[in-house]
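# Observations on the model geometry
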Amino acid sequence: MAIRSIITIPHPILRKRARPVERVDAELRRLADDMLATMYDAPGIGLAAPQIGVSRRLIVMDPAKDDAPKTPMVMVNPEVLTRSETMRLHEEGCLSIPDFTADVERPDRALVAYSDLEGKPWEVELEGIWSTVVQHEIDHLNGVLFIDYLSRLKRDMVVKRFAKSKRTAAL
């Protein structure tokens, strides 16, 4: 397992739709292992392949608290089939937008179809924090960031701050 670099805004890969995974193989399993290692190292509770510069529809998640046992979940080509009408407000952050959090309202439950690392298809209904994380990560696969749910003013302020810090770092 290798820890990969996490891409931050305004990198263009974060705004592109990721390519579907066509074959589950050893290379994909290594990528998933690297993503889990990277997520835990960051530390974070979810990571999508585009966040490490790979345009593939692959996500990893584990919202377990610090001392709780690890409960990683890997999803290949995940797709939300249905969402509950009941909404949940949660303070979200993102490894690709470090040091910024905001309250985002999302459906409390989501039914998700995906394949596992053996290529077996699954459907699972996730709720609470799991639902929030899976929707956040699937958004990444579609080129959507959590800041897109904020007001235009807040979103523009965040993007400008990161663009400015990139320019300053380049000097």
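Here is what the cut-offs are and how they apply
- Residues numbered from 1 in each chain as written.
- Predicted model: local features only at pLDDT ≥ 70, side-chain atom pairs only at ≥ 80, totals over all residues.
- Heavy atoms only, no water.
- Phe/Tyr/Trp six-rings, centres within 6.5 Å; stacked < 30°, edge-to-face > 60°.
- Lys NZ or Arg CZ within 6 Å of the ring centre and 35° of its normal.
- Helix = DSSP H or I, 4+ residues; strand = E, 2+ residues; numbered from the N terminus.
- 1 Å grid on protein atoms, 1.4 Å probe; cavity = no way out; pocket = protein on both sides within 12 Å on 5 of 7 lines; lining within 4 Å.
- Points joined across faces, edges and corners; volume = space filled by probe spheres on them.
- Nonpolar A, V, L, I, M, F, W, Y, C, P; charged D, E, K, R; others polar.
- Salt bridge = Lys/Arg side-chain N within 4 Å of Asp/Glu carboxyl O.
- Buried < 20%, exposed > 50% of the residue type's maximum accessible area, 1.4 Å probe, protein only.
- Pairing = 2+ DSSP bridges.
- Axes fitted to C-alpha atoms, helices over the stretch in contact; angles between N-to-C directions.
- Contact = heavy atoms within 4.5 Å.
- Expected span 1.5 Å × (residues − 1).
- Polar contact = N/O pair within 3.5 Å; in protein donor to acceptor, adjacent residues only side chain to side chain.

### Here's the deal with the packing of aromatic side chains
Under the criterion given, the structure shown has 1 aromatic pair. The ring of tyrosine 40 carries lysine 70 above its face, with NZ or CZ at 4.6 Å from the centroid.

### Quick look at the environment of aspartate 156
In this structure, aspartate 156 sits in helix α3 (residues 152–170). Along the primary structure aspartate 156 and methionine 87 are separated by 69 residues, whereas in three dimensions their C-alpha atoms are 25 Å apart.

### Considerations on the layout of surface pockets
The volume enclosed by the largest pocket comes to roughly 750 Å³. In terms of lining, the largest pocket is formed by 30 residues, of which the most central are Pro43, Gly44, Ile45, Gly46 and Asp62. Contributing elements (two or more residues each) for the lining of the largest pocket: α1 (26–41), β4 (87–94), β5 (97–107) and α2 (129–141). Across the lining of the largest pocket, the residue classes tally to 14 nonpolar, 8 polar and 8 charged.

### Overview of the environment of proline 43
With respect to the secondary-structure elements, proline 43 resides in the loop between α1 and β1 (46–48). Distance in space between the C-alpha atoms of proline 43 and aspartate 66 is 9.7 Å, their sequence separation being 23 residues.

### A few points about the pattern of salt bridges
One pass over the structure, following the stated rule, counts 7 salt bridges. In this structure, aspartate 139 engages arginine 106 in a salt bridge whose closest nitrogen and oxygen atoms are separated by 2.9 Å. With a gap of 33 residues between them, aspartate 139 in helix α2 and arginine 106 in strand β5 connect regions that are remote in the sequence. Here aspartate 139 matches arginine 106 in class, with each residue buried. Taking the shortest distance from any N to any O, the salt bridge between glutamate 125 and arginine 109 comes out at 3.5 Å.

### Focus: the sheet that holds strand β6 (residues 109–115)
In space, the 5 strands of this open sheet follow the order β1-β2-β3-β6-β7, with antiparallel pairing throughout. Among the strands making up the open sheet, the edge pair consists of β1 and β7 (121–127). For this sheet the average axis-to-axis angle between neighbouring strands, irrespective of direction, equals 40 degrees. In this fold α1 packs onto β1, β2 (58–61) and β3 (73–83), with an angle of close to 40 degrees to the strand it touches most, β2. Packed on one face of the sheet, α2 meets β1, β2, β3, β6 and β7 and runs near 150 degrees to β2.

### What about α1?
With 16 residues, α1 extends 22 Å between its outermost C-alpha atoms, agreeing within 8% with the 22 Å of an ideal straight helix rising 1.5 Å per residue. Within α1 the residues assigned to the buried category are Leu28, Leu31, Ala32, Asp34, Met35, Leu36, Ala37, Thr38 and Met39. In this structure, the buried side of α1 is in contact with β1, β2 and β3. The N-cap of α1, judged by a side-chain oxygen 3.2 Å from the amide nitrogen of glutamate 27 a few residues on, is aspartate 25.

By themselves, these observations are geometric and do not establish any function.
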